[in-house]
Amino acid sequence: MDTNASVIAVIPAYQAAPTLDTVVRATLEHLPVLVVDDGSTDKTSVVAGAAGAEVIRQTPNQGKGAALRYGFAHALDGGATAVLTLDADGQHDPACAPDFLAAWRERGAPLIIGRRDFSQMPLSRRLANNLGTQTFSWAVGRHIDDNQSGYRLIARPLLPHLLSSSEDGFEFEVEMITDAIRAGLAIDWVPIPTIYEDAGSHISPVTHVTSFLRVARAARRSVGTPLVLEE
C-alpha cells in the first residue's frame, strides 16, 4: 500500500444547493473535494465552488452513475489513486472519512463500503433494504451487507475499470460490487451512522425496484465469469 497515495472525495450532486455547503466544508477537513454537478438548474455549482470544492459539470442531467464516472475519470487524470464517494444530501457523515482511509491503508481492499444500520431507518426503507440485501446476496452467492450505500472508497485496480460501465443510475454502484467479486478483489466494510432525512428522492419506487431487479439478474448471470482487470 502506497501511504503517499492521492485520495480525493468525489461528490455527485443534483439540485443539492441547500445541503452542499455543509457537506463540502466538512469533507474538506479530511480530503480535497471534487463536486460533479449533474445538470442541476439551481445553484449547486455556485454553492460547491464557494465552499471550496473543485467543480465540474455535466449537462444535461445523466444520473448518479454517469456523474460518478465523470468524477472518477477527472480524478484519475489528476493522479488520484483512490476516491471516496459520498452523497451531497447530508446522509453521509464526512467525519467518517478517516475510518475509510484507515481501513484502506491497513487492509488494502480496493472497495470499501459504508455499512448502514438498517434498524435505524423508517420501516418502509428498512424492509426495502433488507429485501434488497437478501436478493443481491443470493444473486452473487455471498452475503453483501449493504449493496446500495453510496459512501465508499474505491481504489485501483477496480477504479479505472469502472469507467467502462454503461449504468448511469444507482445501478452503477450495485454493478461495481459484482465486478469486484468477479475480479476476485477483497471487499471491506466500515460502519457508518444511518442519517435519514425525509427529503424525497429523484426516482420513483417502481423504477428503483425494476432497475434493481434487472441489475441483480445481471449479477446472477455474470458472477461466475472471471473478470480480469488491467493494472
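For the structure, see preceding data.
Residues numbered from 1 in each chain as written. Predicted model: local features only at pLDDT ≥ 70, side-chain atom pairs only at ≥ 80, totals over all residues. Heavy atoms only, no water.

## Details of the overall build of the chain
Then step 1. What the chain contains, in helices and strands, is eight helices and seven strands.
Then step 2. Computed over its C-alpha atoms, the radius of gyration of the chain comes to 17 Å, within 12% of the 17 Å expected for a compact globule of 231 residues.
Then step 3. Seen through its C-alpha atoms, the chain measures out along the principal axes to roughly 45 × 40 × 30 Å.
Then step 4. Each of the 231 residues in the chain was classed as buried or not, and the buried ones make up 49%.
Then step 5. Of the contacts formed within the chain by residues at least 6 apart in sequence, a portion of 76% connects residues at least 24 apart.
Then step 6. Counting every atom, the chain has about 10700 Å² of accessible surface; 52% of that belongs to carbon and sulfur.
Then step 7. Charged side chains of the chain number 19 positive and 27 negative; the gap between the two group centres comes to 6 Å. (Helix = DSSP H or I, 4+ residues; strand = E, 2+ residues; numbered from the N terminus. Rg over C-alpha atoms; globule rule 2.2 N^0.38 Å. Buried < 20%, exposed > 50% of the residue type's maximum accessible area, 1.4 Å probe, protein only. Contact = heavy atoms within 4.5 Å. Areas by Shrake-Rupley, 256 points an atom, 1.4 Å probe, with all protein chains shown as cover. Lys, Arg positive; Asp, Glu negative; His and termini not counted. Charge placed at Lys NZ, Arg CZ, Asp CG, Glu CD.)

## Overview of the packing of aromatic side chains
Think of a pair of aromatic rings as described by two things: how far the centres are apart, and how the planes are tilted against each other in angle.
Then step 1. Going through the model one piece at a time under the given rule, you end up with two aromatic pairs.
Then step 2. The cationic tip of Arg69 hangs over the ring face of Phe172; the distance from NZ or CZ to the ring centre is 5.3 Å.
Then step 3. Above the plane of the ring of Trp138 lies Arg220, whose end atom (NZ or CZ) is 4.3 Å from the centre. (Phe/Tyr/Trp six-rings, centres within 6.5 Å; stacked < 30°, edge-to-face > 60°. Lys NZ or Arg CZ within 6 Å of the ring centre and 35° of its normal.)

## Observations regarding the nonpolar core
Then step 1. Counting 38 residues, the largest nonpolar core has Leu111 and Ile154 as its most contacted members.
Then step 2. Looking at which element gives the most residues to this core, the answer is helix 7 (residues 171–182), with six residues.
Then step 3. Residues contacting Leu111, with those up to four places away along its chain left out, are Arg152, Leu153, Ile154, Leu158, Met176, Ile177, Ala180, Ala186, Ile187 and Asp188.
Then step 4. Ile11, Ala13, Ala53 and Cys96 belong to the second largest nonpolar core, which has 33 residues in total. (Core = buried A, V, L, I, M, F, W, Y, C linked by side-chain atoms within 4.5 Å.)

## Concerning helix 5 (residues 123–140)
Then step 1. Relative to the 26 Å expected for 18 residues at 1.5 Å per residue, helix 5 spans 26 Å between its end C-alpha atoms, a close match to the ideal helical length.
Then step 2. Those residues of helix 5 lying buried are Asn129, Gly132, Thr133, Phe136, Ser137, Ala139 and Val140. One face of helix 5 carries all of its buried residues, which in axial projection span an arc of 150°. Facing away from the buried side of helix 5 by over 90 degrees, the exposed positions are Leu123, Ser124, Leu127, Leu131, Gln134 and Trp138.
Then step 3. Packing partners of the buried residues in helix 5 comprise helix 7 and helix 8 (205–222).
Then step 4. Gly141 sits one or two residues past helix 5 and shows a positive phi near 75°. (Expected span 1.5 Å × (residues − 1). Arc of directions from axis to C-beta.)

## With respect to the sheet that holds strand 1 (residues 7–13)
Then step 1. Strand order across the open sheet formed by seven strands is 3-2-1-4-6-5-7, with mixed pairing between neighbours. Since the sheet does not close on itself, it has two edges, and those belong to strand 3 (54–58) and strand 7 (187–191), each with one partner. For this sheet the average axis-to-axis angle between neighbouring strands, irrespective of direction, equals 25°.
Then step 2. Two elements, strand 1 and strand 2 (residues 33–38), share five bridges in a ladder whose sense is parallel. Each residue of the ladder has a partner; that of Ile11, found in strand 2, is Val35.
Then step 3. Here helix 1 (residues 17–27) sits on the sheet in contact with strand 1 and strand 2, set at roughly 175° to strand 1. (Pairing = 2+ DSSP bridges. Axes fitted to C-alpha atoms, helices over the stretch in contact; angles between N-to-C directions.)

## Overview of the pattern of salt bridges
Then step 1. Enumeration according to the criterion identifies 12 salt bridges in this entry.
Then step 2. A salt bridge links Arg214 to Glu167; its shortest N-O distance comes to 2.9 Å. Placement of the pair is Arg214 in helix 8 and Glu167 in the loop between helix 6 (158–161) and helix 7, with a sequence separation of 47 residues.
Then step 3. Owing to a relative accessible area of 36%, Arg214 belongs among the partly exposed residues under this scheme.
Then step 4. Between Arg182 and Asp179 there is a salt bridge, and its shortest N-O distance comes to 3.9 Å. Within this pair, Arg182 and its partner Asp179 are both found in helix 7, separated by three residues, close to a single helical turn.
Then step 5. On the accessibility criterion, Asp179 (9% relative accessible area) is buried.
Then step 6. Salt bridges here are not isolated pairs; linked through shared partners, they connect Lys64, Asp87 and Glu173. (Salt bridge = Lys/Arg side-chain N within 4 Å of Asp/Glu carboxyl O.)

## Focus: the packing of helix 1 against helix 2 (residues 44–51)
The description of two packed helices rests on the angle between their axes and on the distance between the axes.
Then step 1. The interhelical angle for the contact between helix 1 and helix 2, taken along N-to-C directions, is 20°, at an axis separation of 9 Å. One finds that helix 1 runs roughly parallel with respect to helix 2. You can see that helix 1 and helix 2 cross each other, and the crossing is right-handed. Contacts from Ala17, Leu20, Asp21, Val24 and Arg25 in helix 1 reach Thr44, Val47, Ala48, Ala50 and Ala51 in helix 2.
Then step 2. For the contact of helix 1 with helix 2, a count of residues per class yields seven nonpolar, one polar and two charged. (Parallel < 35°, antiparallel > 145°, perpendicular 65-115°, else oblique. Left-handed = near helix turned anticlockwise from the far one by under 90°. Nonpolar A, V, L, I, M, F, W, Y, C, P; charged D, E, K, R; others polar.)

These figures come from the coordinates and say nothing about function on their own.
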